Each structure stands twice: as C-alpha cells, then as structure tokens.
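Each chain, letter by letter, is given below.
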Amino acid sequence: MRVSTWLRLASLCLIAGSLSASPLAARSPVPEPKKPLYHEEFTGYGATELAAREDALRLACDWMQQNLGLGWCPKSDYLLDQKMVQFRDPEDKQFEPPLNNMKVVKMQLDITDNQYFDIHKQAQHQRMQERQKTSLLVLFGLVSLLGVVGGYLRLEEATKGYFTRLLRIAAIGVLVLILAGLCVVG
Amino acid sequence: MALREFEASLAEIAARIRRRERIRDGDIATEQGGCMKFIYSSGQRPLEGFTLKRGIGRGGFGEVYFAVSDGGKEVALKLVRGDTQIEMRGVAQCLNLKHPNLVNLYDMRTDGQGDRWVVMEYIAGEPLNVILGRHPGGLPRELAREWFLGLARAIAYLHDHGIVHRDVKPANIFLENGTVKVGDYGLSKAIGSSQRTAQTHSVGTVHYMAPEISTGNYGKPIDVYAAGIILYEALTGKVPFDGESCGEILMKHLTAPPDLSKIPSDYLPIVSKALSKNPAQRYASMAEMARAIEALGSEPSRVPAAAPTPPPRAAAVPARSPRPQEQVLVALPAVSRRAQLMELCGSMLMSVLFTGLGSILWTAILQPKPDDLRLEMGRIFFPTVAACWAILIPSKFWTERRGDSWLRRFALLLIGGLVGVGGWWMDGGLLPLDGTGSLPVPHGPMQGAAGMSYFSYFALAFFAMRWWRMTARHRAHRFSFAPILGAGFWGLVLMLLIRPLSGANPGLLVLVLAMTATIVQLVSPWEQPPAPCAKRLRLRYA
C-alpha cells in the first residue's frame, strides 16, 4: 500500500479512537443526588468556640487539598458558603498547662455530587490562572527572543556586517536582561 | 594500453573531484589541518587596507569574504588556498578584462603571512544554482534565453582574449539586478597552455565537464559544452547527465546521448550541437552559439520536442507530438534562508500582536464577568498563538517547494495534536498523574478522555486543510475568506464528531481555528503571483 493510504487509515483510526474515547461514550451513571460523595469528621481545638471552629475548618481545607487530588485548597468561607460543614455543640476539655481549658468543636464535612463539581470548577479556574501566568512568561520570553533574533538579522543585513560585533553584543545583552527579568518575575 | 591509461585518467579525475567536493562541503580537513570553516571573522584585517565584514562563500580553491576598503569601497576578497599557482595564473590572465557580464577583478595581493588574496567586485545577487533550485521544472524560457545570452557574451569575451574559463557552472554565475555576472576565474588558463603535458590538475565540475577533458583537451569547446549543459538545465531544471558517482557521470558524458525530449523544439538543435561528444561538431565559439540563441527571437515556443531523441547532431530535429509542459512564467524571487528566518521571526511576532487584538475584540463582544475577563481572553489568545506558530514554522520551509501533500498533512496532524494537548493543559486539564488524592474521583470531566478529544480535534483540524497554502508567498490573494470559512466548517464538523469537549466552549475552539486561518494569512509575506498563463500551462505551486 502507498504511504498516503496508510496515512488515510491512520486518520480514520484516530477519528474512531477519539469517538470511543469521548466522555459521552465513557460517561458513568450519575450518582444519587442526596447521598454525599465524601463524608468526613474533623475536630477543632481553640481557646474560644470561634477559634475551635476555625481550626476545624482549616483541617477540612487541608484534607480536601490532600485527598481530593485537585491541587486546590479552598478557603474556610467557601466551605461555609457552600454549606458543606455542620458543627456540633462545643465541649470543654481540660488539658495540661499551659493549654488548660479548651473548647473542642466537632465538625462534619459532607460533599455532595454538585458540590464536588463546583470544587472541581474552582480548582480548574485556579489551574487555568496559574498556567496562563506561566504561559504568559514563556510567551514573553519567546517573543523577546524572536524580536532580538529578527532585529539582529535585519540590522545585520541592513548594515552589511559593518556592525556585526556591536549588534551581537547588544543582542546578547538584551537577551540576558530579558532572562534576568523573567527570572525575577517568575 | 591506451584504454588502461584512459581508465586510470578517468579514475584519477573522479577521485580528485570527489575530494574537492568533500572539502567544499566541509567533510574533511583541509591541508592546514582545520575543518572547513571561515578562517577570519568579522572585523579582522588580514589584508592591509581592507576590513572583513563576513564570509560569503567557500570553495575548493579558497574562501570569499565581503570586505570594505579603508576608503569605503565594498569588495569581495578571495583567500586563495591550495592550488595557488593555478589560481593566480588564471587571475593574472583576467585582471584587466572588462565586460558588463564578468565579475571585475581588481587586484591580487599578498598578506603578511604570505597568503594570496584576490580583490574582486562584490556581487550581492544570488548564484544561478540557487535560483535553479527553486525552479525544478526549469526557468521561464524568455528568462533562460536572456540570462544565457549574458553568460554566452561573457564567455565569448573571455575566449576572444585567449581565456578558457574551464569551470562554467551555475554556481559561478551570479544575478545582480537582472544582470548576469560570470565569476570565479580561479580555474581560468590561457588556451595555449592547454596541452596534456601542461596540466597538473584536473579541473571543472563533474556535471559540466566536457568529455574531452578526460583526454587532456582543455580548449574553448569545453566552455561551449558546459554552457550547453547550463542551457539544458535552465530549460528543464535538470542536468542531462546525473549518477550515483563522479565516475558514472563522467562515463555518461563520454558515452551516453543526452535526453532531449524535454527541450523545446526551437532550442533542440542548439542544445544538441552544444552537447556533441566530438568538440569539432560543437559551435566553434560561444559567440556563434549566442547568435543562434539570439536568432530564436523573443517569441517563446511552448512546444517541447518528442522523446526519445537520437544522438546529438547538428541537424535540426523536427518536433513531434506536442505535449504541454508545466512551467512557471517568471522567476520566483530570491529568498535566502536568512531572509526566510527574518520573515519567520516577523510573522511570528505579528501573529502574537494580531491574536492579542483579536482576543480583545472577542472578549469585548462576549462581555464576560470582570473576574473572568483575563481568563477568557487567555483561553482564546494562547491556543491561537500556538496554532499560528505551529502552522507558520513548518510552512515557512514548505513554501514554494513541491512536496507530498499527504506527508505534510501527516506532519500537521502531529503538530496539531500537540497544540491540542497544549490547549487542554491551558484549559486546566488535569493528568491523572497530577492528582495526588487518595480518594477515588467519581467522574472527573477533565480526565484523559477530554485530553484525547482536544488532541483529536486539533490534530484532525490541522490534517483536514492545506494550511501551508495560506502562508505561501505566491498565493492567489493576500487575504481570502475561503480558508477562514473552511477552517470554521471543519471546526464545526469536528465538533460534531468529537462532541463533548468537556470544560471547553465548543464555539471557542471553532473561533481559534478561524482566527488562526485569518492571522496566518495576514502575517505571511505575499507577492503578486506571476502573470496569467496560457490555458495549457499551470503554475507549479498553484
């Protein structure tokens, strides 16, 4: 068979593969809405009830960052706003000095299917922002490189090599400056 | 015995040519022990009174630099290495020659280290071999005729002054502002010394080497023969004798009749006569050959001769079975690699600018929430820049070259796939490896399947269209809406095929393709395509 025939077959396979791999084909059944996807309990400690609650929320945020695998750490307010947490009545507990008497709050974290998707969306947004920032830096570096190379070539051509050394030094200098700038910003 | 001597002579010539070509290509070390690089760099003054600006060429006989004299005169300086005696003798013969089609030789000088330099006229134009390389089907007939006449006049002038060039080849013919300039007198010798006993070196370039050189005849007919080969090459785009080795080519020069089937009928007797194996049957002088070409007039004959052809004879061969021949009608402009790189840098920079403007315009129309403004702009901007660059870079090297469309498409398919993966990553795609979570993710929409969809979408979109044509220098129109509509159409079709690009706005991806088609056209250099041609002819790159 000719090369072109193989290439046509390869493209057909790619189409077929992409269709079979599409999320529509691979979609799993939607879970029951009421049942929480994740259920976890945290205990917060603090001198006051508020401090104990904040401690519990912080633990929940850390747990989500570590265990949900999205690389996103939600803020405490987010958990409260989304009504993911339920606090139980605080308890007093006696500890060894210097802690002495502390408030202990137990908090229940329930993440439903919809809440998970919202978390996912937030995480995705954060990732997009970070990646766009990285890409912007890389693009700036590349654009600078292109500008310097293009400028050097044009000037070198225009001056027929009269200022080759000077232009090279200038080009390298500009590139070093840009690189240093990128390192500082990045 | 005579046959053995002849074979030995042939083998010696082939070996010498091979070595010279290898030295020219930098494959082997020179006599000085260094690899063939320019010995001097910009700014050096090895020769009193001249400052070197840059190296412009290398050959088996030396290096050529662009230099400026202390008085400001731009010259070419040739550092003669190796066969100095031959070179210098030839240069000495030509120092006082003056002809509009010859590269002027100003002086011969010796530097402090005893190296010999030739001070020559600086020619900014390109050599003919580079121009021929861009015309695989041969030059337009009128242009070939005009340039050949310049070459013939220059060679005839040399012959009139008792000089045989002996290395007439496209690489030694330069075109500056439409004028032909014949250069490289390094191998020139007086006709009187062209006896076998006087030869210490075999010279010439194998594709243009007359058969009688193997027997030690170095008279004017060898230039006529080489000119005939150049005329053949200018008309057809190929040399008449080619082969795997120098020996094979030389043997063809000696024995094989040239294939004249592609030569236009009116040129046939001229080429046939110039390529006669017997020097006595060729034109007696270049002036005679030039007159024969001039006699053809300016009206080009579009009818090539029929194949196969009989052994070359002076008699005219009638044309048979006219067959249309694809041919460009004007010479494509000279664009060097350096110029291509400059253009590419400019195009890539401009594409960033245009994409930025397009993204701003689109977000202004879309009016997203203020918090998402930059994010939405970035979702268009980055994939479009990546797609534009992914098309511009390979297309720059495909422009004006005939190539396998399917191979190009396949290359674009892979490149498009990479752009797709990049787009997916930019859109916050998460590889399973990225996830550090210990809990199972229920049905993450941005997992592998979405990545595959992105990959497929861009790969197939790049595969579906001949994107490189949008960047061609000689495209029909500088800007056309047809490719944009095509990109939009394929974008939509693929969107239906690869529907659920989770997390991505389908319209956004179509927009990226349409913007790419727009921007690559806007930023790619464009020149007026050649004038309309006869119906039977078709532009090679159309």
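The structure presented is a predicted model; accordingly, all values stated were derived computationally and were not measured. (Residues numbered from 1 in each chain as written. Chains lettered and ligands numbered in written order. Predicted model: local features only at pLDDT ≥ 70, side-chain atom pairs only at ≥ 80, totals over all residues.)

Participant: Can you lay out the overall build of chain A for me, pointing to particular residues and giving the numbers?
Facilitator: Scanning chain A from N- to C-terminus turns up five helices and four strands. Counted from the first residue to the last, chain A has its helices and strands arranged as α-β-α-α-β-β-β-α-α. A buried classification covers 17% of the 186 residues belonging to chain A. Once local pairs closer than 6 in sequence are excluded, the contacts in chain A between residues at least 24 apart make up 56%. (Helix = DSSP H or I, 4+ residues; strand = E, 2+ residues; numbered from the N terminus. Buried ≥ 20, exposed ≤ 12 C-beta atoms within 10 Å, placed from the backbone. Contact = placed C-beta atoms within 7 Å.)

Participant: So, the overall build of chain B: which residues are in play, and what are the values?
Facilitator: When its secondary structure is counted, chain B shows 14 helices and 10 strands. A buried classification covers 43% of the 542 residues belonging to chain B. Looking at chain B alone, contacts between residues at least 24 apart form 72% of all its contacts between residues at least 6 apart.

Participant: Tell me what's going on with the environment of Gly138(B), and back it up with residues and numbers.
Facilitator: Among the secondary structure elements, Gly138(B) is positioned in the loop between helix 3 (128-133) and helix 4 (141-160). When the C-alpha positions of Gly138(B) and Gly237(B) are compared, they lie 3.8 Å apart, and in sequence the two are 99 residues distant.

Participant: Run through the nonpolar core, naming residues and quoting values.
Facilitator: Residues Leu77(B), Leu151(B), Ile155(B), Ala227(B), Val271(B) and Ala274(B) are the most contacted members of the largest nonpolar core, which totals 75 residues. Ignoring sequence-local partners within four residues, the contact set of Leu151(B) consists of Ile173(B), Val180(B), Val182(B), Ala227(B) and Ile230(B). (Core = buried A, V, L, I, M, F, W, Y, C linked by C-beta atoms within 7 Å.)

Participant: Pulling in residues and values, what's your account of the packing of helix 9 (residues 337-366) of chain B against helix 10 (residues 373-398) of chain B?
Facilitator: Residue and element names in this part refer to chain B. One way to put it is that helix 9 packs onto helix 10 with a least axis distance of 9 Å and a crossing angle of 155°. Classed by the angle they form, the pair helix 9 and helix 10 counts as roughly antiparallel. Helix-helix and strand crossings are classified by hand; for helix 9 and helix 10 the assignment is right-handed. Here the contact of helix 9 with helix 10 is composed, by residue class, of 15 nonpolar, eight polar and two charged. (Axes fitted to C-alpha atoms, helices over the stretch in contact; angles between N-to-C directions. Parallel < 35°, antiparallel > 145°, perpendicular 65-115°, else oblique. Left-handed = near helix turned anticlockwise from the far one by under 90°. Nonpolar A, V, L, I, M, F, W, Y, C, P; charged D, E, K, R; others polar.)

Participant: I'd like to hear about the sheet that holds strand 9 (residues 179-182) of chain B, residue by residue, with values.
Facilitator: Think of a sheet as strands paired side by side through backbone hydrogen bonds, with each pair either parallel or antiparallel. Residue and element names in this part refer to chain B. Pairing within the open sheet is antiparallel, and its three strands lie in the order 6-8-9. Edge positions in the open sheet fall to strand 6 (126-127) and strand 9, since each of these has one partner strand only. Direction of pairing for strand 8 (residues 173-176) relative to strand 9: antiparallel, over a ladder of four bridges. From the neighbouring strand, Phe 174 faces strand 9, where its bridge partner is Lys 181. (Pairing = 2+ DSSP bridges.)

Participant: Give me the lowdown on the pairing of strand 2 (residues 62-69) of chain B, citing residues and values where you can.
Facilitator: Across seven bridges, the pairing between strand 2 of chain B and strand 3 (residues 74-80) of chain B is antiparallel. Paired with Val64(B) across the two strands is Lys78(B), which belongs to strand 3 of chain B.

Participant: Give a detailed account of the environment of Leu513(B), specifying residues and quantitative values.
Facilitator: All names here are of chain B. Tracing the backbone shows Leu 513 in helix 14 (residues 506-523). Classification of Leu 513 as buried rests on a count of 29 C-beta atoms within 10 Å. Measuring from C-alpha to C-alpha, the distance between Leu 513 and Phe 489 comes to 9.7 Å, with 24 residues separating the pair along the chain. Filtering out sequence-adjacent residues up to four positions away, Leu 513 remains in contact with Ala 461, Ala 487, Gly 488 and Gly 491.

Participant: Residues and numbers for the environment of Leu392(B), please.
Facilitator: Residue and element names in this part refer to chain B. By the secondary structure assignment, Leu 392 is in helix 10. Under the C-beta neighbour-count criterion, Leu 392 is labelled buried, with 24 such atoms within 10 Å. Once residues lying within four places of it in the same chain are set aside, the contact partners of Leu 392 are Leu 344, Ser 347, Met 348, Ser 351, Thr 471 and Val 520.

Participant: Report on unusual backbone geometry, specifying residues and quantitative values.
Facilitator: All names here are of chain B. Notably, Arg 166 is not glycine yet its phi reads approximately 75°, a positive angle. With phi around 50°, Asn 177 is a residue other than glycine that occupies positive phi space. As for its placement among the helices and strands, Asn 177 is situated in the loop between strand 8 and strand 9. Taking the number of C-beta atoms within 10 Å as the measure of exposure, Asn 177 has 8 and is therefore exposed.

Participant: Go over the packing of helix 4 of chain B against helix 5 (residues 220-236) of chain B with me, naming the residues and quoting the values.
Facilitator: Residue and element names in this part refer to chain B. Axis separation between helix 4 and helix 5 bottoms out at 10 Å; the angle between their running directions is 170°. Considering their axes alone, helix 4 and helix 5 lie roughly antiparallel with respect to each other. Of helix 5, the residues touching helix 4 (which contributes Arg 141, Ala 144, Trp 147, Phe 148, Leu 151, Ala 152, Ile 155 and His 159) are Lys 220, Asp 223, Ala 227, Ile 230, Leu 231, Ala 234 and Leu 235. Counted by class, the contact of helix 4 with helix 5 contains 11 nonpolar, one polar and three charged residues.

Participant: Before we move on, can you summarise the confidence of the model for chain A with the specific residues and values?
Facilitator: Any region with low pLDDT has predicted coordinates that should not be read closely. Residues and elements named next belong to chain A. Taken residue by residue, chain A gives an average pLDDT of 80. The fraction at 70 or more is 81%. Confidence scores differ between elements of chain A, with helix 1 (residues 3-21) showing the lowest mean pLDDT of 59 and helix 5 (residues 164-185) the highest of 90. A low-confidence stretch, residues 22-31 stays under pLDDT 50, and its non-local contacts, those more than four residues away or across chains, total 20 contacts. (pLDDT = per-residue confidence, 0-100.)

Participant: Residues and numbers for helix 2 (residues 49-67) of chain A, please.
Facilitator: All names here are of chain A. With 19 residues, helix 2 extends 27 Å from end C-alpha to end C-alpha; this agrees with the ideal 27 Å at 1.5 Å per step. Listed as buried for helix 2 are Ala 52, Arg 53, Ala 56, Leu 57, Ala 60 and Met 64. For helix 2, the buried positions fall inside an angular range of 135° around the axis, keeping them on one side. Turning to helix 2, the residues buried within the fold contact strand 1 (38-46), helix 3 (76-81), strand 2 (85-87) and strand 4 (101-111). Gly 69 sits one or two residues past helix 2 and shows a positive phi near 70°. (Expected span 1.5 Å × (residues − 1). Arc of directions from axis to C-beta.)

Participant: Any chance you could break down the confidence of the model for chain B for me, citing the residues and the numbers?
Facilitator: Residue and element names in this part refer to chain B. Counting all residues, the mean pLDDT for chain B is 76, and 72% of those residues have values of 70 or more. Scored below 50 in pLDDT, residues 532-542 shows 16 contacts in the model against residues more than four places distant or in partner chains. The ipTM, which scores confidence in the relative placement of chains, is 0.72 for this predicted complex, and the corresponding pTM is 0.59.

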